[in-house]
Amino acid sequence: MNPDLDLTLHRVIRAPRASVWNAWTDANSLAQWWLPAPTRCRVERFEIRPAGAFVTRMSDDGEEFVPHLDACFLLVEERERLVFTNALDSSWRPAAGAPLLMTAEITLRDHPDGTDYRVLVRHGDPAARARHEELGFAHGWGTVTDQLTELVESEVRA
C-alpha cells in the first residue's frame, strides 16, 4: 500500500467468507448492493475470470440506465481475492473518458467474527488518488460496503 497513490477500506463482516464471495460473484447479488441506494444497478456483463468483463449501468429513476463501469477482471482467486481495473475496458482497450483510472483489489480472509474484508484502490499518480478522494471514495465505497454487509449478514440471520 502506497499512501500517496492508494485508498483503502477495511471492515469485519459478520458472515462467512463464502457468503461475501458469492455476493461479489453473483450478478443478481451484486446488483443489489454495488451502487449507493437509491441508485439502481444493472449488471450488463459479468465474467468472473481473469480478463473477464465487468460492466454495470446505473439509474436514479429505475427507468433510464446509463453507463457506470466498463472494466475487466485481472485476477480471480476463488473466495480470496478479486482484482479489476477500469484502465482497460471490457474489450481490453485502453479506457477513454473514465473520470479516473484505478485498479481495485478486494481481499477476503477468515476472521473469528466472520470475514476480514479489505479494499485497496490503486491510482497512477497522487492527483488521481486525490481526485478519487474528493469525488467521495470513503462515502461511496463505504456505503456500498455497508449495503454488502447488510445483504450477507441478513442471510446469516435468516
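In this text the structure is predicted, and so the values were computed from the model without any measurement. (Residues numbered from 1 in each chain as written. Predicted model: local features only at pLDDT ≥ 70, side-chain atom pairs only at ≥ 80, totals over all residues. Heavy atoms only, no water.)

Caption draft 1: View of the packing of helix α1 (residues 17–25) against helix α4 (residues 137–157). The interhelical angle for the contact between α1 and α4, taken along N-to-C directions, is 125°, at an axis separation of 10 Å. Viewed along their axes, α1 and α4 adopt a mutual orientation that is oblique. Crossing handedness for the pair α1 and α4: right-handed. Of the residues in α4, those touching α1 at S19, V20, A23 and W24 are L148, L151, V152 and E155. Taken together, the residues that form the contact of α1 with α4 break down as 6 nonpolar, 1 polar and 1 charged. (Axes fitted to C-alpha atoms, helices over the stretch in contact; angles between N-to-C directions. Helix = DSSP H or I, 4+ residues; strand = E, 2+ residues; numbered from the N terminus. Parallel < 35°, antiparallel > 145°, perpendicular 65-115°, else oblique. Left-handed = near helix turned anticlockwise from the far one by under 90°. Contact = heavy atoms within 4.5 Å. Nonpolar A, V, L, I, M, F, W, Y, C, P; charged D, E, K, R; others polar.)

Caption draft 2: Spatial organisation of the nonpolar core. W24, W34, F54, F84, Y117 and W141 are the most contacted members of the largest nonpolar core, which totals 34 residues. In terms of residue count, the dominant contributor to this core is α4 (6 residues). Here F84 is in contact with W24, W34, F54, L69, A71, C72, F73, L74, M102, T103, A104 and W141, once residues within four sequence places are set aside. (Core = buried A, V, L, I, M, F, W, Y, C linked by side-chain atoms within 4.5 Å. Buried < 20%, exposed > 50% of the residue type's maximum accessible area, 1.4 Å probe, protein only.)

Caption draft 3: Molecular detail of the pairing of strand β7 (residues 114–122). In terms of burial, β7 is largely enclosed, as 7 of its 9 residues are buried. Of the strand pairs in this sheet, strand β1 (residues 6–13) and β7 are connected by 8 bridges, and their pairing is antiparallel. Looking across to β7, one finds that L7 is bridged to V121. As paired elements, strand β6 (residues 103–111) and β7 share 9 bridges and run antiparallel to each other. Each residue of the ladder has a partner; that of H111, found in β7, is G114. The hairpin turn running from β6 into β7, its antiparallel successor, is 2 residues long. (Pairing = 2+ DSSP bridges.)

Caption draft 4: Main features of the sheet that holds β1. Pairing is antiparallel in the open sheet, where 7 strands are placed in the order β1-β7-β6-β5-β4-β3-β2. The open sheet has two free edges, formed respectively by β1 and β2 (40–46), since each of these has just one partner strand. Neighbour to neighbour, the strand axes of the sheet diverge by 20° on average, direction disregarded. With 5 bridges joining them, strand β5 (residues 81–85) and β6 adopt antiparallel strand pairing. Residue pairing across strands places V83 opposite E105, the latter belonging to β6. In this fold α4 packs onto β1, β5, β6 and β7, with an angle of close to 20° to the strand it touches most, β1.

Caption draft 5: Local environment of the side chain of T115. With respect to the secondary-structure elements, T115 resides in strand β7. There is a polar contact of 3.5 Å between the side chain of T115 and the backbone oxygen of P16. A distance of 3.0 Å separates the side chain of T115 from the backbone nitrogen of R17, its partner in a polar contact. Residues within four places of T115 in sequence aside, it is in contact with R11, V12, I13, A15, P16, R17, V20, L108 and R109. (Polar contact = N/O pair within 3.5 Å; in protein donor to acceptor, adjacent residues only side chain to side chain.)

Caption draft 6: Just the packing of aromatic side chains, in detail. Overall, the coordinates contain 14 aromatic pairs when judged by the stated rule. Where W24 meets F84, the ring centres are 6.1 Å apart and the plane angle is 45°; that geometry is what we call tilted. In this pair, W24 is assigned in helix α1 and F84 in strand β5, connecting sequence segments 60 residues apart. Under the relative-accessibility criterion, W24 is labelled buried at 0%. Residue class for F84 comes out buried when judged on its relative accessible area of 1%. Members of the aromatic cluster, joined through ring pairs, are W24, W33, W34, F46, F54, F73, F84, F137 and W141. (Phe/Tyr/Trp six-rings, centres within 6.5 Å; stacked < 30°, edge-to-face > 60°.)

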